[in-house]
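Spelled out from the first residue to the last, the chains are:
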Amino acid sequence: MVVGSTSTPPLQIVLGSLASDDTTSSSCAAEASARGSNSTAYVLGTSAYPHLGSGLKLKIDGRVPMEDRKAPLSQFRPRSLMLSTFRVAAINVSSTLSTYFSDQLQSEQNNEKLVDEGEITPYEADEMNEEWEKREWQKRMDLLPRKIGIGLLRFHACTALMRFYEVIIGRYILCVDGKSPPITGSSHGGDNSNYEHSIDVMDKLTRDPYQASLRTSQILHNQEHSPGKVISSDGKESSTSSELYKQMYTTCLWANMIPFLAELTVQHGILLYGYGMYYMEKKNRRREREMRKRDGDEQCIDNEQETDPVDETAYALSLLFRSSHLTFSRGVSWIAASVGGAVGSVIYPGWGAVFGIQIGDTSVGALLD
């Protein structure tokens with residue numbers, strides 16, 4: 001239903017139960033795009049997202065605000081669990097195989113160098129290569145299930161932290177969860193504006209890059225006034241690819257903020273755990289040495305100079321350096337992943353954004369880690 005006149009921007013009102021429907025959302029986006037940016041759509045109080053309240057504006061692509069936000073424990077639904085397990089297993093298998101073949105090539109090159117120098121015969125080099133293949137293949141295959149298990153545990157820990165951060169941000173920082181919005185047109189105009197801004201920020205933080213890439217690409221192609229040309233947000237003519245890149249870079253930058261923060265938290269937890277275990281082990285060994293020294297253990301006295309004492313200052317500086325390097329590495333990966341998602345959206349909207357984010361993240365991780 002559309003209410004409006006020729007002198008005022010059209011107002012589009014959509015039932016909330018229909019606003020969450022893909023068909024209605026697509027038609028709303030198409031109609032809004034056809035009328036221009038002045039068209040405004042509101043969701044009535046029957047929204048399928050009751051925590052949003054009533055009177056919220058639909059996005060330009062027809063989405064309900066925060067529609068892409070995942071529910072707590074949604075990663076344990078059968079389909080999501082199967083996909084995440086397959087993804088983690090595939091990543092670990094491919095990583096193990098690529099490392100194995102790379103190390104195999106390096107080992108064969110070293111053996112060929114020994115053959116050229118006359119230290120071993122070609123027959124001995126072949127035997128050494130076969131022995132290396134059997135030994136390393138068995139060792140890596142034995143470790144693969146453990147790697148997959150650790151990968152799954154890390155994935156679910158990151159996902160749980162993401163949902164936790166979303167709850168903290170939505171409930172205590174932006175105050176959009178469990179709160180009804182101010183009534184539109186009331187005297188509390190400032191409160192309504194602040195609430196809409198908070199909803200907009202939360203929507204940016206919880207967007208799905210895959211869906212955002214498809215929707216943004218479709219909207220920009222619908223807005224083309226000539227082949228490959230659109231009017232950008234600043235009012236200047238720009239190519240569709242360039243505008244898609246700019247919008248998706250901003251979208252990915254926002255959408256990747258919470259996931260990268262969760263991953264950084266998990267990595268810092270692993271780092272602190274590793275340093276803590278190492279520190280406690282060194283202290284226990286030092287305590288055992290002192291006890292043996294008091295008992296007159298000559299072997300302990302002879303080996304006392306061989307073991308470095310626990311220097312707490314150096315230990316703290318090492319931990320601080322590793323933590324700073326980890327934070328810097330994840331920060332650069334966050335930006336590179338956003339760039340990769342934007343480039344991937346230009347090449348192939350949808351899955352291009354997903355693979356672009358992964359490639360940007362892993363490439364920087366391989367360079368800096």
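Residues numbered from 1 in each chain as written. Predicted model: local features only at pLDDT ≥ 70, side-chain atom pairs only at ≥ 80, totals over all residues. Heavy atoms only, no water.

**Considering the environment of Gln 223**
Summarising the element assignment, Gln 223 is placed in the loop between helix 6 (209–222) and strand 5 (229–231). Once the C-alpha coordinates of Gln 223 and Thr 240 are considered, the two residues, 17 residues apart in sequence, prove to be 9.1 Å apart. (Helix = DSSP H or I, 4+ residues; strand = E, 2+ residues; numbered from the N terminus.)

**Some words on the packing of helix 4 (residues 122–173) against helix 8 (residues 257–294)**
For any two helices packed against each other, one specifies the crossing angle of their axes together with the interaxial distance. Axis separation between helix 4 and helix 8 bottoms out at 8 Å; the angle between their running directions is 125°. For the element pair helix 4 / helix 8, the angle class is oblique. The interaxial crossing formed by helix 4 with helix 8 has right-handed handedness. Only Ile 258, Pro 259, Leu 261, Ala 262, Glu 263, Thr 265, Val 266 and Gln 267 of helix 8 make contact with helix 4, whose side of the interface consists of Arg 154, Ala 157, Cys 158, Leu 161, Met 162, Tyr 165, Glu 166 and Ile 169. When its residues are assigned to classes, the contact of helix 4 with helix 8 shows 11 nonpolar, 2 polar and 3 charged. (Axes fitted to C-alpha atoms, helices over the stretch in contact; angles between N-to-C directions. Parallel < 35°, antiparallel > 145°, perpendicular 65-115°, else oblique. Left-handed = near helix turned anticlockwise from the far one by under 90°. Contact = heavy atoms within 4.5 Å. Nonpolar A, V, L, I, M, F, W, Y, C, P; charged D, E, K, R; others polar.)

**Overview of the packing of aromatic side chains**
With the rule as written, the count across this model stands at 10 aromatic pairs. Through pairs of rings, three or more aromatic residues link up here, namely Tyr 100, Phe 101, Trp 132 and Trp 137. (Phe/Tyr/Trp six-rings, centres within 6.5 Å; stacked < 30°, edge-to-face > 60°.)

**Overview of a nonpolar patch on the surface**
A cluster of nonpolar side chains, namely Ile 335, Val 339, Val 343, Val 346, Ile 347, Tyr 348, Trp 351, Phe 355 and Ile 359, defines an oily patch on the protein surface of about 890 Å² accessible area. Elements with a minimum of two residues in the nonpolar patch: helix 10 (312–347) and helix 11 (351–368). The dominant element in the nonpolar patch, judged by the number of residues it contributes, is helix 10, at 5 residues. (Patch = residues over 30% accessible without salt bridge, like charges linked within 9 Å, V, L, I, M, F, W, Y side chains within 5 Å. Areas by Shrake-Rupley, 256 points an atom, 1.4 Å probe, with all protein chains shown as cover. Salt bridge = Lys/Arg side-chain N within 4 Å of Asp/Glu carboxyl O.)

**Brief notes about the environment of Cys 158**
Its place among the elements puts Cys 158 in helix 4. Put simply, Cys 158 and Glu 263 are 105 residues apart on the chain and 5.5 Å apart in space, counted from C-alpha to C-alpha. If sequence neighbours within four positions are ignored, Cys 158 has contacts with Ala 262, Glu 263 and Val 266.

**Here's the deal with the packing of helix 3 (residues 78–116) against helix 4**
Running from N to C, helix 3 and helix 4 point in directions that differ by 155°, and their axes come no closer than 9 Å. Compared by their axis directions, helix 3 and helix 4 come out roughly antiparallel. The two elements helix 3 and helix 4 cross, and the hand of that crossing is right-handed. Here the contact of helix 3 with helix 4 is built from residues that sort into 17 nonpolar, 12 polar and 7 charged.

**Here we look at the side chain of Ser 217**
Note on placement: Ser 217 falls in helix 6. Taking the relative accessible area as the measure of exposure, Ser 217 reaches 9% and is therefore buried. (Buried < 20%, exposed > 50% of the residue type's maximum accessible area, 1.4 Å probe, protein only.)

**Comments concerning the side chain of Thr 206**
Following the sequence through the fold, Thr 206 ends up in the loop between helix 5 (189–205) and helix 6. Residues contacting Thr 206, with those up to four places away along its chain left out, are Met 66, Asp 68, Arg 69 and Glu 166.

**Remarks on helix 7 (residues 240–255)**
For helix 7, built from 16 residues, the straight-helix expectation of 22 Å at 1.5 Å per residue is met to within 8% by its first-to-last C-alpha distance of 22 Å. Within helix 7, the full set of buried residues consists of Thr 240, Glu 243, Leu 244, Met 248, Thr 251, Cys 252 and Ala 255. Along the axis of helix 7, the buried residues cluster in a sector spanning 155°; they form a single face. (Expected span 1.5 Å × (residues − 1). Arc of directions from axis to C-beta.)

**Focus on the confidence of the model for the protein chain**
Averaged over every residue, the pLDDT of the protein chain is 81; residues scoring 70 or more account for 77%. Mean pLDDT values for the elements of the protein chain range from 41 in helix 1 (residues 16–19) up to 96 in helix 7. pLDDT under 50 marks residues 1–51. Its contacts with residues more than four places away, or in other chains, come to 83 contacts. (pLDDT = per-residue confidence, 0-100.)

**Some details on the pattern of salt bridges**
Counting across every chain of the model gives 15 salt bridges. Residue Arg 140 pairs with Asp 103 through a salt bridge whose shortest N-O separation is 2.8 Å. Of this pair, Arg 140 sits in helix 4 while Asp 103 sits in helix 3, and the two are 37 residues apart along the sequence. Note that Arg 154 is salt-bridged to Glu 263, the shortest N-O span being 3.9 Å.

**Some words on unusual backbone geometry**
Even without a glycine there, the phi angle at Met 66 is positive, about 65°. With respect to the element layout, Met 66 can be found in the loop between strand 4 (56–57) and helix 3. Of note, Cys 175 is a non-glycine position whose phi angle comes to about 55°, a positive value. Considering the arrangement of structural elements, one finds Cys 175 in the loop between helix 4 and helix 5.

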